[in-house]
Amino acid sequence: MKYFSFEKKYFKKNIKNQVYFKDWCLPKEIEYEQIDKLNKKKYFDYKFSTPLQIVKNNRFIFKLMNKMVRDLTKSLNRYHNVNYPEKYWKLILLPWLLPFLSFMHERWNIINSIKNYKNFIFCIYNIEKKELIPENYLALGEMVNQKLLNFWTVSEVIKFKKKIKFVEKKINNIPNYQKSRKRFYIIKDFKEKIYSFYFSILSKFFRTKIHFKNIGISKYKSILLNLKLRQFPIFWIEPKYKKEEIELNKRKNFFYKKSSKKNFFNFIKEITYIFIPKSYLEDYENIKTSINKSYWPTNVKAILSAYDFTVEDVFKIWSAEMVLKNNAKYIILQHGGNSGIAESAPGTDLHSLIADKYLTWGWKGKYKNNIPFHSIGLSNRSLNIKKEVKKIYFCVSINSIFTYRYESLPRSNAEKIKKSNSIFQIINNINNTYTKDIVLRYLEAAEKRNFKRINKNKINKKISYDNASVPFLKILSKVKIAIHDTNNTGFLECLFYNVPTILILDKNIEKFEKKAVKYLKLMEKNKIIHYDSKSAANFLNQNLNTIDEWWHEKKLQKIRKEFCNIYVKNSQNSIGDLSKLLKKIAS
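Source: prediction; values computed, not measured.

Novice: Requested: an account of the packing of aromatic side chains, with residues and values cited.
Specialist: All chains considered together, the criterion is met by 51 aromatic pairs. Both rings, one in Trp89 and one in Tyr284, keep their centres 5.5 Å apart while their planes meet at 40 degrees; by these two values the pair is tilted. One end of the pair, Trp89, is in helix H3 (residues 86-112); the other, Tyr284, is in helix H10 (residues 284-293), and 195 residues separate them in sequence. Grouping residues by exposure puts Trp89 and Tyr284 together as buried. Between Lys250 and the ring centre of Tyr79, over which it is positioned, the NZ or CZ distance is 4.3 Å.

So, in structure tokens, the structure goes:
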């Protein structure tokens, strides 16, 4: 029998009769063209979900999420000795359940796809369960990108199925996945203590009826919005709370459910107790106590959020309390560029399910609570256009080795390599006249998550690099043209501010909503969108000298304006429009 392994270095010595899970075990320096030539007897090729399967998988995940919220509501009420309604727990649980269930479902499908499993001995892992319990939502977000959680999950699926043979290796030295506290946090904590003291005094004299925090606008606009809402400008520092020890047995008593049926739902019921963040169990009461002792408001009528409703557990628990006690309206702002455009963007559906009102950047969604609004972060902001020599920016996405959501984006490492290569091929085919003006921009800090680092030796050496430490908006005035490899916020920012841009897409992977397809076809016709690197390189070589003339053609500008009016709308009175809407919703 052959050994089936999910990593190259499972055994200390090389063993000949090994089969590797292809996507996670690709040779380090492999090129995209070589991937299909790998020995099929040595590499198991898992077929990632097609666009149609992604849509079906998301429907299944959301159906399961709703069922789990009902079950978890009962268990959490018993655990905390309370009797809160399902809506309360939904605000806290749904943002966590989406990545958790999507991640587990993909790993379940990986093992299910191995039809001849009786021919293998699987190489699996044993990790102390306490080591896997996330501190909070953010910790889980870090863990899904790490190899150990991925290896552990497929190992648990194999053990759950029972009929599969395996060898097991214990892993002892587990990295700390929780949010690390760096030295500069000491300074940050000191500042936060001063701000908290100052605002706690002010909060005794001024009442906040409409609460907003971290909604993607400047401090000046935040002050202006508060004044228009007729409330004193107060900034909200999240209260710190005491961390408790993990109570694994108690978790198991309340949340572990065993079943003889070996399906995905029953697998989830057996492992959920491990992955509920501490902030919802052991630390939950301490969080509530810290909130009650803080200067945060206790009688708000509406809550507005763009980011914290997903990632910040203290904010979520406070919001759930306000909705429960005051019947506060929960309002969510769109914060990303793919929403309303991509065929599969589960985060967008999540926002609509959680919120009383979901404010889009202009598009009308399928949910009744969707309100076509505008981009608050971009409206009323002008670019400081400089006369200096402008640069040609290639913006490359850094993807994790491990995929954990069902989205209309590259999912396998082969697809991710192909996408990156398309950008590098364009750069290498640009006329030498322009190479000195090329800047390759990518998030260097996140590069370690990627399957392979960017090999600068294989890219024209005359170009320069940008590590993306400065926000894209701050460099936009220096951009001659921006080439994007993903339909993301950066691409929309270019369209919004009328900066020349093109987008490289993969027709087989990146699928879009029917309403958006009309505009994408027009963009393709006008050379804004390209589906292969040769087309993009030829276009740039022919037009870089006259890029502004191309960009300001009447037909192109008409398409750009129509598209922006739906998907990234502008407002000349953004803060005024927002304050009017908030007052109306809160009344």
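Now that the structure is up, let's keep going.
Novice: Describe the packing of helix H18 (residues 514-525) against helix H21 (residues 554-567), with residues and values.
Specialist: Axis separation between H18 and H21 bottoms out at 10 Å; the angle between their running directions is 155 degrees. Comparing their axes, H21 and H18 come out roughly antiparallel. At the point where H18 passes H21, the crossing takes the left-handed sense. On H21, the residues that touch Lys515, Ala516, Tyr519, Leu522 and Met523 of H18 are Ile559, Glu562, Phe563, Ile566 and Tyr567. Classifying every residue of the contact of H18 with H21 by side-chain character gives 8 nonpolar, no polar and 2 charged.

Novice: Requested: an account of the sheet that holds strand E10 (residues 370-372), with residues and values cited.
Specialist: Judged by pairing direction, the sheet is parallel, and its 5 strands sit side by side in the order E6-E7-E8-E9-E10 without closing on themselves. The open sheet has two edge strands, strand E6 (210-213) and E10, and neither has a second partner. Ignoring strand direction, the axes of neighbouring strands in this sheet form an average angle of 20 degrees. Two strands pair when backbone bridges link them, and strand E9 (residues 357-360) and E10 are joined in this way by 3 bridges, in the parallel orientation. Residue Tyr358 lies in a different strand from E10, and its bridge partner there is Asn370.

Novice: Go over the sheet that holds strand E1 (residues 2-5), please, and point to the residues and values.
Specialist: Pairing within the open sheet is parallel, and its 5 strands lie in the order E3-E2-E1-E4-E5. A single partner strand is all that each edge strand has here, and the edge strands are strand E3 (43-44) and strand E5 (166-171). Bridge analysis of strand E2 (residues 18-21) against E3 gives 2 bridges, and the strand direction is parallel. The partner of Tyr20 across the bridge, within E3, is Tyr43.

Novice: Summarise the environment of Lys293; cite the residues concerned and give the values.
Specialist: Along the chain, Lys293 falls in helix H10. The sequence separation of Lys293 and Gly377 amounts to 84 residues, and the corresponding C-alpha distance is 32 Å.

Novice: Report on the packing of helix H17 (residues 489-496) against H21, specifying residues and quantitative values.
Specialist: Axis separation between H17 and H21 bottoms out at 10 Å; the angle between their running directions is 125 degrees. The pairing of H17 with H21 is recorded here as oblique in orientation. Judged by the twist between their axes, the crossing of H17 over H21 is left-handed. For the pair H17 and H21, the contacting residues are Leu492, Leu495 and Phe496 in the first and Arg560, Phe563, Cys564 and Tyr567 in the second. Residue composition of the contact of H17 with H21, by class: 6 nonpolar, no polar and 1 charged.

Novice: Which residues make up a nonpolar patch on the surface, and what values do they have?
Specialist: Taken together, Phe197, Ile201, Phe205 and Phe206 make up a surface patch of nonpolar side chains, about 450 Å² in accessible area. As for its placement among the helices and strands, Phe206 is situated in the loop between helix H6 (184-203) and E6.

Novice: Break down the environment of Lys580 for me, with residues and values.
Specialist: Within the element layout of this structure, Lys580 appears in helix H22 (residues 574-586). The spacing of Lys580 and Pro95 is 485 residues in sequence and 28 Å in space, taken between C-alpha atoms.

Novice: Explain unusual backbone geometry residue by residue, including any values.
Specialist: Residue Arg230 is not a glycine yet carries a positive backbone phi of 60 degrees. Along the polypeptide, Arg230 turns up in the loop between helix H7 (219-228) and helix H8 (248-255). Given a relative accessible area of 79%, Arg230 falls into the exposed group. In this structure, Ala468 is a non-glycine residue whose phi angle is positive, near 65 degrees. Residue position: Ala468 is located in the loop between strand E13 (464-466) and helix H16 (472-475).

Novice: Lay out the pairing of strand E12 (residues 438-441) in plain terms, naming residues and giving numbers.
Specialist: Burial of E12 is two-sided: the residues Ile438 and Leu440 facing one way and the residues Val439 and Arg441 facing the other way are all buried. In this sheet, E12 lies alongside strand E11 (residues 391-395) in parallel orientation, the contact comprising 4 bridges. Along E12, the bridge assignment pairs Tyr393 with Val439. Sheet analysis places E12 next to E13, joined by 3 bridges and oriented parallel. Looking at the pairing, Leu440 lines up with Tyr465 of E13.

Novice: Quick rundown of the pattern of salt bridges? Include the residues and the values.
Specialist: The final tally for this structure, using the stated rule, is 26 salt bridges. When the shortest N-O distance is used, the salt bridge between Lys213 and Asp308 registers 2.5 Å. A residue pair is termed long-range when its members are at least 10 positions apart, and Lys213 in strand E6 and Asp308 in helix H11 (residues 308-311) qualify at 95 residues. Here Asp308 falls in the buried class, since its relative accessible area comes to 2%.

Novice: Now, about the side chain of Asn77: what can you tell me, with residues and values included?
Specialist: In this fold, Asn77 is placed in helix H2 (residues 51-80). Look at Asn77 and you get buried, because its relative accessible area is 8%. With sequence-adjacent residues up to four places away left out, Asn77 is seen in contact with Val82, Asn83, Tyr84 and Trp89.

Novice: So what about the side chain of Glu282? Which residues, and what values?
Specialist: If you trace the backbone, Glu282 turns up in the loop between helix H9 (264-275) and H10. Among the polar contacts listed, one links the side chain of Glu282 to the side chain of Arg251, at a separation of 2.8 Å. Leave out the neighbours within four places in its chain, and Glu282 touches Tyr79, Glu244, Glu245, Ile246, Glu247 and Arg251.

Novice: Before we move on, could you go through helix H13 (residues 346-354) and cite the residues and values that matter?
Specialist: Burial within H13 is extensive, with 8 of its 9 residues counted as buried. Buried within H13 are the following residues: Pro346, Gly347, Thr348, Asp349, Leu350, His351, Ser352 and Ile354. Against the buried residues of H13 lie H2, H3, H11, strand E8 (329-333), E9 and E10.

Novice: Can you explain a positive patch on the surface? Please cite residues and give values.
Specialist: Together, Lys67, Arg70, Lys74, Arg78 and Lys257 make up a region of like positive charge exposed at the surface. With respect to the helices and strands, the residue Lys67 is situated in helix H2. Lys67 sits in the partly exposed class, given a relative accessible area of 35%.

Novice: Quick rundown of the environment of Thr208? Include the residues and the values.
Specialist: Its location among the elements puts Thr208 in the loop between H6 and E6. Spatially, the C-alpha atoms of Thr208 and Gly336 are 28 Å apart, while their sequence positions differ by 128 residues. Excluding residues that lie within four positions of it along the chain, Thr208 makes contacts with Gln231, Ile234, Trp236, Pro297, Asn299 and Val300.

Reading guide: rules and limits
- Residues numbered from 1 in each chain as written.
- Predicted model: local features only at pLDDT ≥ 70, side-chain atom pairs only at ≥ 80, totals over all residues.
- Heavy atoms only, no water.
- Phe/Tyr/Trp six-rings, centres within 6.5 Å; stacked < 30°, edge-to-face > 60°.
- Helix = DSSP H or I, 4+ residues; strand = E, 2+ residues; numbered from the N terminus.
- Buried < 20%, exposed > 50% of the residue type's maximum accessible area, 1.4 Å probe, protein only.
- Lys NZ or Arg CZ within 6 Å of the ring centre and 35° of its normal.
- Axes fitted to C-alpha atoms, helices over the stretch in contact; angles between N-to-C directions.
- Parallel < 35°, antiparallel > 145°, perpendicular 65-115°, else oblique.
- Left-handed = near helix turned anticlockwise from the far one by under 90°.
- Contact = heavy atoms within 4.5 Å.
- Nonpolar A, V, L, I, M, F, W, Y, C, P; charged D, E, K, R; others polar.
- Pairing = 2+ DSSP bridges.
- Patch = residues over 30% accessible without salt bridge, like charges linked within 9 Å, V, L, I, M, F, W, Y side chains within 5 Å.
- Areas by Shrake-Rupley, 256 points an atom, 1.4 Å probe, with all protein chains shown as cover.
- Salt bridge = Lys/Arg side-chain N within 4 Å of Asp/Glu carboxyl O.
- Polar contact = N/O pair within 3.5 Å; in protein donor to acceptor, adjacent residues only side chain to side chain.
- Lys, Arg positive; Asp, Glu negative; His and termini not counted.
- Charge placed at Lys NZ, Arg CZ, Asp CG, Glu CD.

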